[in-house]
Amino acid sequence: MATIRRDIGAGHHFIFDDTVVDNPNEDLFDPNLWQAQNKVTGKAKGRGTTLFITHETHQWVLRHFNRGGLIGKLLSDQYFFTGVEKSRPFKEFRLLEYMREKGLRVPEPVAARIHRRGAIYRGDLITKAIPNSRDLHHILCESALSADDWRHIGKALSKMHKCQVHHHDANIRNIMMDDKRNIWLIDFDRCEKRTGESWKQSNVDRLLRSLHKEKTKNTIFHWSDEDWKYCLEGYNGE
């Protein structure tokens, strides 16, 4: 991977892997153009809409950055500009790049961009799709995981923490399993490298809360406290 940053004027800033993308421009991040070319193969709803795209031999995920919560109702997709490298798309791109260099199973960044107008910017990120994968929420609504699966989930969190990466929202929808039962972590918006150890338990606690929440919300949800014991075994290297 060879990362290039390009600033083309008029507030447009790009960062990209030049082994995948030759000459990024606004069109690369335009959902309407992908739709018009019939290259959108799926969508996922979150704070905004995430598109799954097939382009040539590539399978990509395009995400537009949107705010959540009350401020999201006011500002939607607008962020205050404090520097290109401090923008959320650029920070996530750089963090994914760092984690992949450390051998973590996280999405491979393809390109990111921001468009600045005065003190405000909007942004997008493209990553490579994780082949043949589903998030844990969908899987657990259909079937149970094995003890080893839960240990691998714990190990994935542990590896991330050993790289000193804090995940802002380590819930089961941000953990994927592929058809080889490999565990992947996704959605690193607002995540960051941190020093120390004290914050790590909060990530583990967040995952447990999300499991309890989904167990309450879903009539069928294949998870129990026994499974959590296996997850902690994996996390603690037992």
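Residues numbered from 1 in each chain as written. Predicted model: local features only at pLDDT ≥ 70, side-chain atom pairs only at ≥ 80, totals over all residues. Heavy atoms only, no water.

The next thing to look at is helix H3 (residues 88–101). End to end, H3 covers 20 Å across 14 residues, agreeing with the expected 20 Å (1.5 Å per residue, within 8%). Counting buried positions along H3 gives ten out of 14 residues, so the element sits mostly inside the fold. Listing the buried residues of H3 in full gives Arg88, Pro89, Phe90, Glu92, Phe93, Leu95, Leu96, Glu97, Tyr98 and Met99. Looking one or two residues past H3, glycine 103 carries a phi angle of roughly 85 degrees, positive in sign. (Helix = DSSP H or I, 4+ residues; strand = E, 2+ residues; numbered from the N terminus. Expected span 1.5 Å × (residues − 1). Buried < 20%, exposed > 50% of the residue type's maximum accessible area, 1.4 Å probe, protein only.)

Strand order across the open sheet formed by three strands is S9-S11-S12, with antiparallel pairing between neighbours. Single-partner strands in this sheet number two, and they are strand S9 (133–135) and strand S12 (183–185). Ignoring strand direction, the axes of neighbouring strands in this sheet form an average angle of 30 degrees. This element, helix H5 (residues 147–162), spans strand S11 (175–178) and S12 of the sheet and lies at about 35 degrees to S12. (Pairing = 2+ DSSP bridges. Axes fitted to C-alpha atoms, helices over the stretch in contact; angles between N-to-C directions. Contact = heavy atoms within 4.5 Å.)

This part takes up the nonpolar core. Counting 44 residues, the largest nonpolar core has Met99, Trp150, Ile153, Phe188, Leu207 and Leu211 as the members making the most contacts within it. A total of six residues in this core trace back to one element, the largest contributor, which is H3. Excluding residues that lie within four positions of it along the chain, phenylalanine 188 makes contacts with Glu92, Leu95, Leu96, Met99, Val106, Met160, Val165 and His167. Val21, Val40, Leu51 and Trp60 belong to the second-largest nonpolar core, a separate cluster that totals 15 residues. (Core = buried A, V, L, I, M, F, W, Y, C linked by side-chain atoms within 4.5 Å.)

Another aspect to go through is the environment of asparagine 174. Residue position: asparagine 174 is located in the loop between strand S10 (165–166) and S11. Residues asparagine 174 and lysine 229, spaced 55 residues apart in sequence, show a C-alpha to C-alpha distance of 20 Å. When residues no more than four places from it in sequence are discounted, the contact partners of asparagine 174 are His167, Asp169, Trp184, Leu185, Ile186 and Asp187.

Where helix H6 (residues 200–217) contacts helix H7 (residues 225–235), the two axes come as close as 12 Å, and the packing angle between them is 155 degrees. The orientation of H6 relative to H7 falls into the category roughly antiparallel. Our pair here, H6 against H7, has a crossing hand that is right-handed. Contacts from Lys200, Val204, Leu207, Leu208, Leu211 and His212 in H6 reach Asp225, Trp228, Cys231, Leu232 and Tyr235 in H7. (Parallel < 35°, antiparallel > 145°, perpendicular 65-115°, else oblique. Left-handed = near helix turned anticlockwise from the far one by under 90°.)

In this section: the packing of aromatic side chains. Scanning all chains against the criterion turns up four aromatic pairs. Taking the centre distance of 5.5 Å and the plane angle of 25 degrees together, the rings of tyrosine 79 and tyrosine 121 count as stacked. Within this pair, whereas tyrosine 79 is found in strand S6 (residues 79–80), its partner tyrosine 121 is found in strand S8 (residues 120–128), the two being separated by 42 residues in sequence. Tyrosine 79 sits in the buried class, given a relative accessible area of 2%. Through successive ring pairs, a cluster of aromatic residues spans Tyr79, Phe81 and Tyr121. For the cation-ring pair, arginine 63 lies above phenylalanine 65, with the distance from its terminal atom to the ring centre recorded as 4.8 Å. (Phe/Tyr/Trp six-rings, centres within 6.5 Å; stacked < 30°, edge-to-face > 60°. Lys NZ or Arg CZ within 6 Å of the ring centre and 35° of its normal.)

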